[in-house]
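Structural features, examined
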Amino acid sequence: MSALPSISPEGRKTYDVVVVGAGFAGMYMLYRLRGAGFSVRVYEQGGGVGGTWYWNRYPGARCDVESMQYSYSFSEELQREWDWSERYAPQPEILKYANHVADRFNLRRDIQFNTRVDRAVFDETANTWTVTTSDGNTMIASFVVLATGCLSNARRPDIKGLESFKGPVYHTGNWPHEVVDFTGLRVGVIGTGSSGIQSVPVIAGQARHLTVFQRTANFSIPARNAPLTDQERQAFRQNYPQIRRFAREVARNGIYTDLPDRGALDDGDERRRAKYEQRWQKGGLTFMYAYNDLALSKAANDTAADFVRGKIAEIVKDPETARLLQPNSHPIGTKRICVDTDYFATFNRDNVALVDIKANPIEEILPNGLRTTAKTYELDALVLATGFDAMTGSVAKIDIRGRNGLTLNRKWAEGPKTYLGLMSTGFPNLFIITGPGSPSVLSNMIVSIEQHVDWIADCLAFMHAKGLSLMEAEKDAEDKWVAHVNEVAHATLYPQANSWYMGANIPGKPRIFMPYIGGVGTYRQICNEIAAKGYEGFAMAANERERAVAVIS
Ligand code: NA7
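Residues numbered from 1 in each chain as written. Predicted model: local features only at pLDDT ≥ 70, side-chain atom pairs only at ≥ 80, totals over all residues. Heavy atoms only, no water.

1. Some points on helix α5 (residues 194–206)
In the structure, α5 departs most strongly from a straight axis at Val200, where the bend amounts to approximately 35° and where the proline Pro201 lies between one and four residues downstream. Within α5, burial applies to Ser195, Gly196, Ile197, Gln198, Ser199, Val200, Pro201, Ile203 and Ala204. (Bend = angle between axes of the 7 residues up to and from the residue. Helix = DSSP H or I, 4+ residues; strand = E, 2+ residues; numbered from the N terminus. Buried < 20%, exposed > 50% of the residue type's maximum accessible area, 1.4 Å probe, protein only.)

Dropping the structure here:
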């Protein structure tokens, strides 16, 4: 181990660790590994740090977790010195924070920007990865860490005629860096997930006319966003030790909130309504924490869904539009619940129309608009808020070859298989941060990122101290974990929705519930116990010859 790269006999740079991606996961991974004395190189496709916050610059883009909680906790100084301006910081501020972190910890010197990792091939003789990047360079790494993000691979829908559209076409997940001005234009937004719901009110305020094309209505809770006062920031900081501990160890989703002590049907109608009203007024994702069985019991879930449908009917003046906006196709929370500012009220504006493309699907995009089975709409600009090839999409873009030349795409053809979401059998010395099989997108991502990074960094330090150079998930441990992830998911209502958690938004993608729903606290405990037992379920060896026999106990 050395903080500096060495040169292989073939003249290739050799690192202890190559990290793919310089979002929040890649940056913290670099910080930890560098601190432990490893030589590290980070490759980032974008021109700057921030990952998903670098690409998702659409109007109205904000995090749906409060910024005082959606921020790193690893540095006391950092969390004391950075002042978030609002309860939910807008994308530019989150990106500024990412840049501040990169500067403050001098991370840029080990990050190569505008460089994609195209290929990583495991060399079974040397126990190393040969990594090829888009600039044509090849280097050697003892370990590779995929910090590629879960919502980074923007998905352009396969709609006939899309290429023929004469006006500008934007994807929310890959928004231009220049200001986009919709003033005076007739704009069409396709998609009503989180990105559509956040951008629609802002675009409506600019455009001459906005048509929202909705395939599936979504549940959304008001953000109640507001500037943060000094007092509020201080209160958070004073309580940070317990807030952070709760988020890591107690909360299922890595967010500090007051937890419910009962199920929805344990309260009478009036009391239940009051509880939902209180959560609705408070705003945000923790609406789903009004009761402890909303993700488990359909009858309980229906009470929350009915409450939100009632709110939509109260807000939206036109009854037919209100009816279309009321979600009926999935239990509330089984698709990621959205957090909005004035989304439903936007449909009361004269310049906004909602089109039901479930009833009348889009047939074709035309040079000047869009035709559904019922009508043609004239448009000057098109916004695709159609989401991502989530969780596996960014990994799938890299040609990763493990033992016997097996590609990760081939191994995952029937759905991703991992042990703890951290490693996949047949791909030694390759770690994944917040990958499928870990709580990941069901949680406050920064809490999950810090947990994974700490676990990986500690693991590599352990291996170094023991003189070990090879680590691989055992097949049996992986099979058991995959079965456990499935079993836990199917004990909930989540698999009832056609969500991107299930891969259902990508035609042909296997329908597997990808994230681990057991909760971040439970998951952390499992990971810690496995590490404490000498990384149970992982084969570790000093070199390839010992692999078959050496499992550290
Ligand atoms: P989502 O949540 O995947 O939403 C995508 C939306 O686009 C959703 O309403 C889809 O309808 C719709 N969609 C996708 N493809 C099409 C086609 N071909 N035609 C019409 N409509 C389509 O992505 P977001 O970017 O909004 O949010 C992703 C996450 O980012 C979010 O959960 C937060 O965690 C942050 P569907 O529901 O499939 O019928």
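Having seen the structure, we can now continue with the description.
2. Details of helix α7 (residues 240–249)
Within α7 the residues assigned to the buried category are Tyr240, Ile243, Arg244, Phe246 and Ala247. Viewed along the axis of α7, the buried residues span an arc of 160°, placing them on a single side of the element. In this structure, the buried side of α7 is in contact with α3 (76–81), α6 (230–238), α14 (445–466) and α16 (520–532). (Arc of directions from axis to C-beta. Contact = heavy atoms within 4.5 Å.)

3. Quick look at the pattern of salt bridges
It is possible for side chains bearing opposite charge to pair when their charged atoms get close. Applying the stated criterion to the full structure yields 40 salt bridges. Salt-bridge contacts for Asp380 lead to Arg186; the nearest nitrogen and oxygen are separated by 2.8 Å. One end of the pair, Asp380, is in the loop between β16 (376–378) and β17 (381–384); the other, Arg186, is in strand β9 (residues 186–190), with 194 residues separating them in the sequence. The closest approach of N and O atoms between Lys533 and Glu536, which form a salt bridge, is 3.6 Å. Residue classification places Lys533 among the partly exposed residues on the basis of a relative accessible area of 49%. (Salt bridge = Lys/Arg side-chain N within 4 Å of Asp/Glu carboxyl O.)

4. Focus: the domain arrangement of the protein chain
Here the protein chain is described as being made up of domain 1 (6–153 + 390–552), domain 2 (154–218 + 342–387) and domain 3 (257–334). Placing the centre of domain 1 and that of domain 3 at their C-alpha centroids yields a distance of 34 Å. Listed per partner, the contact involves 12 residues of domain 1 and 14 residues of domain 3. Approximately 910 Å² of surface area, both sides summed, lies buried where domain 1 meets domain 3, with 59% of it carried by carbon and sulfur atoms. (Domains from an automatic or database assignment. Buried area = accessible area lost by both parts, 1.4 Å probe.)

5. Topic: the pairing of strand β21 (residues 538–541)
Both faces of β21 are covered, namely the face carrying Phe538 and Met540 and the face carrying Ala539 and Ala541. In this structure, strand β20 (residues 470–473) lies alongside β21, joined through 4 bridges in antiparallel fashion. Directly across from Glu472, in β21, lies its bridge partner Ala539. (Pairing = 2+ DSSP bridges.)

6. Details of unusual backbone geometry
Positive phi, close to 70°, is recorded for Met391, a residue that is not glycine. Located in the positive-phi region is Tyr535, a residue other than glycine, with phi close to 60°. Within the secondary structure layout, Tyr535 lies in the loop between α16 and β21. What makes Tyr535 buried here is its relative accessible area of 5%.

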